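Reading the structure
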Amino acid sequence: MLTSELIALEEQYGAHNYHPLDVVIERAAGAWVYDVEGRKYLDFLAAYSAVNQGHCHPAILKAFTDQAHRVTLTSRAFRNDQLPLLYKELHDITGYDMALPMNSGVEAVETALKAARKWGYTVKGIPANQAEIIVCSNNFHGRTITVVGFSSDQQYRSGFGPFAPGFIEVPFGDAEALRNAITPNTCAFLVEPIQGEAGVLIPPTGYLQQVESICREHNVLFMADEIQAGLGRTGRFFAHQHEDVTPDVVIIGKALSGGYYPVSAVLASRTILGVFHPGDHGSTFGGNPLACAVARAALRVIIDEDLAQRSADLGAHALARLQTMDSPILQHVRGRGLWLALELNTPARPYCEALKARGVLCKETHDTVIRLAPPLIIEKADLDWALDQIEAVIAPAPAQVQHAVLTH
Ligand SMILES: *Cc1c(COP(=O)(O)O)cnc(C)c1O
C-alpha cells in the first residue's frame, strides 16, 4: 500500500492522539529506517531513546525469538527461569539491592510513587494519607491520570481531572526551592536528571549533589526517572552519574528492551522495595520471561558495545559541530552525549519536515526545540552526514537570497 493510503486508514480508524511526521516505516536496521516507498532515513529520535542499541539489534533479536519459542508468559502466579537472572544482572550492573519489573515506563513511575508513599507510612512514620511527593516543573513522567495530574503542561492535564492529591511542584534546577518545599510529610522527590520531553534541559552543575544531600538530611527519597536519560543515552550508564550521586530509587524503561517489547523496572534498596508484600502490587505481564530475556540481551548490548562511551565521544563531536553552525534561526544548542537539542527562534516543525525530505527523521518538542537522539550505535560517518543535512536546513536560505536577486 502507498503512504497516502496507509495514512488515510490511520486517520480514519485510529484515535488522533499523535501528530506524526508523514513517513510510513516498514523496516529498520541499526540507525536506518525504510519507508513503504523504499526511501531510507537516518533515525534521529530512536523512538524517544528506546532503541539506543539500534533497530532490530541481532543479539536482542536472537534472545527475543529464542525465548518466544520457549515460553513467553507465566504470570507471576508461577516463577520463570529468566526473571531471577534479570534481577541478578540488574543488581550486578547497577549495585541496587532489588528490582521490581513492570512494562511501560509510566507503570514503573506509578510503582515508584506507590513504593515511596508506602515507605513514607511504614518506615518514615508519616500519618496515614498525608504523604507528599515533590516533583519538578516541566516534568515528563508519562500519561496516567496520577502522573499527568502533576504535569505542568496544561495540554497533558486539560479535560482529565480530578487528579490525585499529594504532589507539590518546584522549579527544576533549583535546590533551594526543593529544600523549602519539604515538610515532615514529604516522602520523596521525583526528578529527571536531565529533562527530555521538556527539551533536553540540563540542570545547573551541582544540582543533583545538592538534591542528594537535601534529601538525605530530611529523610526524603531521591527518585531519579532515568527512563529516557538512562541506559547510555547521555554518555554515562545513568545520567545521574555525571554528578556522582546515588538516588534511592531509579526508574528505567525504554532502552531496557532495545525497542523489542515494553519493559520497565524500579531499582532500589531492600528497605524501600521491601515495603511491598504479596498482593500489594502487580502486573500480569510484568517480569514475564520474554520481557526478561529481551531486557537481559538489551543490557548486555549496552555494556558489551560500550554504548555509553560511544555516546559520550560521538555526542561531544556532534555538539562541537552544532555549536559552529551559522544560522539565523538557531538560538541555542545544548546536549549531553548523543542527546542534543537545537533551540530555534521559530517553530521547529517545518525544519523537521525539511530534514525528513533530506532523509533525517527527528521530531520537534515544545514547538521550538528539535531534539536529536540517534541510536548510540550510529556510525560516525552517518552522524556527520546527518549533521550536514541539519546545517543545510538551518543555514541562511540561499534559495531566498537568489530569489530576491532575481526579482530586483
Ligand atoms: C517516556 C518516558 C516516560 C513514560 O514511559 P512510557 O513507556 O511511555 O509509559 C516516563 N518518564 C520519562 C522521563 C520518559 O521519557
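Residues numbered from 1 in each chain as written. Predicted model: local features only at pLDDT ≥ 70, side-chain atom pairs only at ≥ 80, totals over all residues. Heavy atoms only, no water.

Along the chain, the position of Q82 falls in the loop between α3 (58-70) and α4 (83-94). Residue classification places Q82 among the buried residues on the basis of a relative accessible area of 7%. At 2.9 Å, the side chain of Q82 forms a polar contact with the side chain of R296. Ignoring sequence-local partners within four residues, the contact set of Q82 consists of Q67, R70, P289, C292, A293 and R296. (Helix = DSSP H or I, 4+ residues; strand = E, 2+ residues; numbered from the N terminus. Buried < 20%, exposed > 50% of the residue type's maximum accessible area, 1.4 Å probe, protein only. Polar contact = N/O pair within 3.5 Å; in protein donor to acceptor, adjacent residues only side chain to side chain. Contact = heavy atoms within 4.5 Å.)

Leaving glycine aside, a negative phi is the common case for residues, and trans is the common case for peptide bonds. A cis geometry characterises the amide bond from G161 onward to P162, with omega recorded as 0°. Backbone geometry places L231, a non-glycine residue, at a positive phi of 55°. Looking at the element boundaries, L231 is found in the loop between β8 (221-225) and β9 (249-252). Positive phi values are uncommon outside glycine, yet D306 reaches one of about 50°.

Quick look at the confidence of the model for the protein chain now. Considering every residue of the protein chain, the mean pLDDT works out to 96; 97% of them sit at 70 or more. Across residues 401-408, where pLDDT falls below 50, the model places zero contacts with residues more than four positions away in sequence or in other chains. (pLDDT = per-residue confidence, 0-100.)

Taken together, the side chains of M1, L9 and Y13 define a hydrophobic patch exposed on the protein surface, amounting to about 390 Å² of accessible area. Here Y13 lies in helix α1 (residues 3-13). On the accessibility criterion, Y13 (65% relative accessible area) is exposed. (Patch = residues over 30% accessible without salt bridge, like charges linked within 9 Å, V, L, I, M, F, W, Y side chains within 5 Å. Areas by Shrake-Rupley, 256 points an atom, 1.4 Å probe, with all protein chains shown as cover. Salt bridge = Lys/Arg side-chain N within 4 Å of Asp/Glu carboxyl O.)

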